[in-house]
Amino acid sequence: MVRFPRLTQLGVAMAAAAVVLAPTAHAVTDDVEYVAMGDSAAAGPLIPDQDPDLNCFRSEKNYPRVAAELIGAKLTDVTCSAAKISDFSTKQYGVVPPQYDALKRSTGLVTVTIGGNDVELVQAAVSCLNLLPEPAGRSCKDRFTAGGRDELAERIDALAPEVDGMLEQIEARAPHAEIVVVGYGTYLRPGGCYPIQPVWARDADYIQSSVDKLSAMLHERASAHGAEFVDLAEVSRGHDTCAAPQDKYYEGVIPTSMAAPLHPNAKGMQAFGEAVAKGIQHADS
């Protein structure tokens, strides 16, 4: 895959100045055309300030904006809440242009977070809510793994060919671009934190393991296509929905800051943008 030399210069300059990923750091990469693609995990629904075009609930402080500022790239942000891979090639909601349309031969960098809506992870997580402790209610893990199968794991496995097709499309439309696939993070710590987040311990572990399976599949397919992968699981560990309001990167069922439930908040987007910028720097060094 073709690399863009100015990101190598960025790594050297930042190391020399000992200003690694500082919020005010900029570099001589203003001519790098960066296209950010993906779903609400990248778009940042309800995080102030929102893009005036409310079709996608896209924040002006999401991780693509943070990363673009850190590396000094020219950003075209087409991330859109509720997006699926199919929305990359067709109009989302019938009005939002296909995300692939933003890609050009001159594109130098592409980031993409996608797959959560394709396998309906948020819906699955919501179905795990239980306001009363066990044994009242029903375990979502029991429901999704009934009969010796794992429904969410099957959905993730089935999505892999679509991820391959997506990466092939990006490669074809932006042949000179560095492609960076960004995974999903740690939403729930081991055992959860019932009743702070009303999900039974075994269900919390099941949902997080499914998120981890999705990220692992994305990592595997990215590697198969020569793309980079940024793992947000470690970045967000200890900053999950169970953390104190001042520490969390993800909001829970009842948000404690301006962000959509079960989605990144502004602190999370800042940390994720820094991780993406660092991943780009590492990939091009």
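This text goes with the structure placed above it.
Keep in mind the model is a prediction, meaning the values are calculated, not measured.

Quick notes on the rules
Residues numbered from 1 in each chain as written. Predicted model: local features only at pLDDT ≥ 70, side-chain atom pairs only at ≥ 80, totals over all residues. Heavy atoms only, no water. Helix = DSSP H or I, 4+ residues; strand = E, 2+ residues; numbered from the N terminus. Buried < 20%, exposed > 50% of the residue type's maximum accessible area, 1.4 Å probe, protein only. Lys, Arg positive; Asp, Glu negative; His and termini not counted. Salt bridge = Lys/Arg side-chain N within 4 Å of Asp/Glu carboxyl O. Patch = residues over 30% accessible without salt bridge, like charges linked within 9 Å, V, L, I, M, F, W, Y side chains within 5 Å. Areas by Shrake-Rupley, 256 points an atom, 1.4 Å probe, with all protein chains shown as cover. Axes fitted to C-alpha atoms, helices over the stretch in contact; angles between N-to-C directions. Parallel < 35°, antiparallel > 145°, perpendicular 65-115°, else oblique. Left-handed = near helix turned anticlockwise from the far one by under 90°. Contact = heavy atoms within 4.5 Å. Nonpolar A, V, L, I, M, F, W, Y, C, P; charged D, E, K, R; others polar. Pairing = 2+ DSSP bridges. Disulfide = S-S within 2.5 Å.

(A) Just the side chain of aspartate 39, in detail. Take aspartate 39: it is sitting in the loop between strand 1 (33–38) and helix 2 (40–43). Here aspartate 39 occupies a buried position and makes no salt bridge, while the nearest side chain of opposite charge, lysine 84, is found at 11 Å.

(B) Broad picture of a nonpolar patch on the surface. Taken together, Val122, Val126, Leu129, Val253 and Ile254 make up a surface patch of nonpolar side chains, about 380 Å² in accessible area. Looking at the secondary structure, you find valine 126 in helix 4 (residues 121–126). Here valine 126 falls in the partly exposed class, since its relative accessible area comes to 43%.

(C) Up close: the packing of helix 6 (residues 151–173) against helix 7 (residues 201–224). Close contact between helix 6 and helix 7 brings their axes to 9 Å; oriented N to C, the two are set at 25°. On the basis of the axis angle, helix 6 is roughly parallel to helix 7. Crossing angle aside, the handedness with which helix 6 passes helix 7 is right-handed. For the pair helix 6 and helix 7, the contacting residues are Glu151, Leu152, Ala153, Ile156, Leu159, Ala160, Val163, Asp164 and Leu167 in the first and Tyr206, Ile207, Ser210, Lys213, Leu214, Met217, Leu218, Arg221 and Ala222 in the second. Counted by class, the contact of helix 6 with helix 7 contains 13 nonpolar, 1 polar and 4 charged residues.

(D) Local environment of the sheet that holds strand 3 (residues 107–113). Spatially, 5 strands are ordered 2-1-3-4-5 in an open sheet, and the strand pairing comes out parallel. The open sheet has two edge strands with one neighbour each: strand 2 (74–77) and strand 5 (228–230). In this sheet, adjacent strand axes meet at a mean angle of 20° when their direction is disregarded. Where strand 1 lies against strand 3, 6 bridges are found, and the strand directions are parallel. Among the inter-strand pairings, valine 35 is bridged to a residue of strand 3, identified as valine 110. Running over the sheet, helix 6 touches strand 1, strand 3 and strand 4 (178–182) and is turned about 150° from strand 4.

(E) Main features of the state of the cysteines. One pass over the full model with this rule turns up 3 disulfides. A sulfur-sulfur distance of 1.9 Å marks the disulfide that ties cysteine 56 to cysteine 80. Residues cysteine 56 and cysteine 80 are joined through a disulfide that is left-handed, its torsion about the S-S bond being -85°. With cysteine 56 in the loop between helix 2 and helix 3 (63–71) and cysteine 80 in the loop between strand 2 and strand 3, this residue pair connects regions lying 24 residues apart in the sequence. We note that cysteine 56, like cysteine 80, is buried. Here cysteine 128 engages in a disulfide with cysteine 140; their sulfurs sit 1.9 Å apart. With the S-S bond torsion at 90°, the cross-link from cysteine 128 to cysteine 140 turns out right-handed. Of this pair, cysteine 128 sits in the loop between helix 4 and helix 5 (140–144) while cysteine 140 sits in helix 5, and the two are 12 residues apart along the sequence. Using a relative accessible area of 0% as the deciding quantity, one classes cysteine 128 as buried. Judged by relative accessible area, which is 0%, cysteine 140 ranks as buried.

Keep in mind that these numbers describe shape and distance, not what the molecule does.
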